[in-house]
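Coordinate inspection notes
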Amino acid sequence: SAVISQKPSRDICQRGTSLTIQCQVDSQVTMMFWYRQQPGQSLTLIATANQGSEATYESGFVIDKFPISRPNLTFSTLTVSNMSPEDSSIYLCSVEGAGSYNEQFFGPGTRLTVL
Amino acid sequence: GQSLEQPSEVTAVEGAIVQINCTYQTSGFYGLSWYQQHDGGAPTFLSYNALDGLEETGRFSSFLSRSDSYGYLLLQELQMKDSASYFCAVRVSYNFNKFYFGSGTKLNVKP
């Protein structure tokens, strides 16, 4: 299993500002994933972050809006840039399980509200 | 692209059996997972099927038919704590653990 922490757990931000969300894992992992989830809705994959290379973004998500860093095998950040109320959501990071590559472990999420 | 369909909501009573279906259309398919998510919590892994058939883990079982692009999660001996949202998710990459999630099914267990 993997233990994942995220910071901040929640934030309220003003329109036009940016927020950086941190994801820390207690073990080294190759791939990290960032998802967005509206309350009561599904999880939408934003991007896949591989250490040492550029993140791969899903359709509808761009690097200028959601820049991602992956400086080492236990840490990643997702920045939500130039925020609008439509960015209000829960942002989750996840990792694949070591030895159980079909399982993903999720962080507790960051609840973002944009006013 | 990917498309996964699940019922939006299911209600059942304690002790009963409930089946949550998932049909999918994907450009690549390597397996189907199920996740449970309680309100305010993170999704937690329940099962993964790569091959056709039934996988059983305690009270929960998961089934896959690749030819029908269909799977289901079967929950037996329902308990109140099983009230949660359940998501199916398809694995679309052979090289790494990349999943796309369905819309989720909210299960309400009543006494």
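Presented here is a report on the structure given in the accompanying data block. (Residues numbered from 1 in each chain as written. Chains lettered and ligands numbered in written order. Predicted model: local features only at pLDDT ≥ 70, side-chain atom pairs only at ≥ 80, totals over all residues. Heavy atoms only, no water.)

Observations regarding the environment of Ser-89 of chain A
Residue and element names in this part refer to chain A. Topologically, Ser-89 is positioned in strand 9 (residues 89-97). The buried category is assigned to Ser-89, whose relative accessible area is 3%. With 50 residues separating them in the primary sequence, Ser-89 and Pro-39 have C-alpha atoms 7.0 Å apart. With sequence-adjacent residues up to four places away left out, Ser-89 is seen in contact with Arg-36, Gln-37, Gln-38, Thr-110, Arg-111 and Leu-112. A distance of 3.5 Å separates the side chain of Ser-89 from the backbone nitrogen of Gln-38, its partner in a polar contact. (Helix = DSSP H or I, 4+ residues; strand = E, 2+ residues; numbered from the N terminus. Buried < 20%, exposed > 50% of the residue type's maximum accessible area, 1.4 Å probe, protein only. Contact = heavy atoms within 4.5 Å. Polar contact = N/O pair within 3.5 Å; in protein donor to acceptor, adjacent residues only side chain to side chain.)

Some remarks on the packing of aromatic side chains
For the structure on display, the rule yields 13 aromatic pairs over all chains. Between Phe-61 of chain A and Phe-66 of chain A the ring centres are 5.5 Å apart and the planes differ by 65°, which places this aromatic pair in the edge-to-face class. Each member of the pair, Phe-61 of chain A as well as Phe-66 of chain A, carries the same accessibility label: buried. Among the aromatic residues, ring-to-ring pairing joins Tyr-35 and Phe-106 of chain A together with Tyr-35, Phe-45, Phe-87 and Phe-101 of chain B into one connected group. (Phe/Tyr/Trp six-rings, centres within 6.5 Å; stacked < 30°, edge-to-face > 60°.)

Some details on the sheet that holds strand 8 (residues 70-75) of chain B
Residues and elements named next belong to chain B. Strands sit in the order 1-3-8-7-6 across an open sheet of five strands; the sheet is antiparallel. Edge positions in the sheet fall to strand 1 (2-5) and strand 6 (53-57), since each has one partner strand and no second. Neighbouring strand axes in the sheet, compared pairwise and without regard to direction, differ in orientation by 15° on average. Taken together, the four bridges between strand 1 and strand 3 (residues 18-26) define a ladder with antiparallel strand orientation. Bridge pairing links Glu-5 to Thr-23 in strand 3. (Pairing = 2+ DSSP bridges. Axes fitted to C-alpha atoms, helices over the stretch in contact; angles between N-to-C directions.)

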